[in-house]
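A closer look at the structure
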Amino acid sequence: MSIGVAIFIGIIIGGLVTYFILSSHRNSTVIAEYEHKIQQLQLEQQEAIQRAVKKSLNTSRATIKGRVAEQFAPLLPEFEYLPSDAKFLGDPVDYVIFDGYTDWRDGNLPSEAIEVILMDIKSGQARLSKGQLAIAEAIKQGRVRFETLRIDTPDSDRLDDKPTPDLSNHQPDGYSKSYFDFDSDKTMQK
């Protein structure tokens, strides 16, 4: 029996050694495969980072170019108004244009010729924002008015005793409610 037990033990030991050798080979193959996949993922990640940086830089450049174009727009030939009539806001629209104001101030136009325009400058494929579209709709629907806010401060007492005329409710002849009553203002209707 001792030879049978020795053969049995030899078969078990041989099986275990074979198992460990094959297992080690399989593990090294799996490790090599995963290391290759990790290298591929790292390469893809580096490429994705490079693409994101390039996209970010291009977007930043486009934004800067757009802001420069907004500032210089009144000097471009496409700008139909006097640069002195345009006042830069930047947000939510780029310009408020008081078309005809400079000529009125110089005495060359009647006050009825002044027109107020809100303008946004866009370059490339840029579109109006939701806020800008809402403002455009408010103007189309006539939800526009002019207000005056008077602030009393302790140092605002006048040195002379002449009363200051209150022009906040002044209504020119021919206007029923205010300067921006779209029902009665013929100059604002187109």
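What comes next concerns the included structure. In this text the structure is predicted, and so the values were computed from the model without any measurement. The residue numbering used here restarts from 1 in each chain and proceeds along that chain's sequence as written. Totals for whole chains, interfaces and linings use every residue, but because this is a predicted model, local features are given only for residues with pLDDT of at least 70 and side-chain atom pairs only at 80 or more, for both listing and counting. Hydrogen atoms and water are omitted, and side-chain values are computed over all heavy atoms in the structure.

**Concerning the nonpolar core**
Threshold: Here, nonpolar core refers to any group of buried Ala, Val, Leu, Ile, Met, Phe, Trp, Tyr and Cys residues whose side-chain atoms link them within 4.5 Å. Think of it in three bands: residues with accessible area under 20% of the maximum for their type are buried, residues over 50% are exposed, and the middle band is partly exposed, with areas taken using a 1.4 Å probe on protein chains only. The way it works is that DSSP assigns letters per residue, a run of H or I at least four long becomes a helix, a run of E at least two long becomes a strand, and they are numbered from the N terminus. Throughout, a residue-residue contact means that at least one pair of heavy atoms, one from each residue, lies within 4.5 Å.
In terms of nonpolar packing, the biggest core is built from nine residues, these being Ala 73, Phe 79, Tyr 81, Ala 86, Tyr 95, Ile 97, Ile 117, Met 119 and Ile 121. Every element with two or more residues in this core is listed here: β2 (95–99) and β3 (115–119). Ignoring anything within four residues of it in the chain, the contact list for Tyr 95 reads Glu 70, Gln 71, Ala 73, Pro 74, Ala 86, Lys 87, Phe 88, Leu 89, Ile 117, Leu 118, Met 119 and Ile 121.

**Structural notes on unusual backbone geometry**
Looking along the chain, the bond that leaves Asp 91 and enters Pro 92 is cis, with omega of 5 degrees. The topology assignment puts Pro 92 in the loop between β1 (86–88) and β2.

**Points about the layout of surface pockets**
How we decide: Think of a 1 Å grid over just the protein atoms. A cavity is a set of points where a 1.4 Å probe fits yet cannot get out, a pocket is an open set with protein on both sides within 12 Å along at least five of seven lines, and lining residues have an atom within 4 Å of a point. Grid points are joined across faces, edges and corners, and a volume is the space filled by probe spheres set on the points. For this classification, the nonpolar set comprises Ala, Val, Leu, Ile, Met, Phe, Trp, Tyr, Cys and Pro, the charged set comprises Asp, Glu, Lys and Arg, and every other residue, Gly included, is treated as polar.
Size it by volume and the second largest pocket reaches roughly 230 Å³. Every residue lining the second largest pocket is listed: Thr 59, Ala 62, Thr 63, Gly 66, Arg 67, Glu 70, Ile 121, Lys 122, Ser 123 and Ala 126. Of the residues in the lining of the second largest pocket, the class split is three nonpolar, four polar and three charged.

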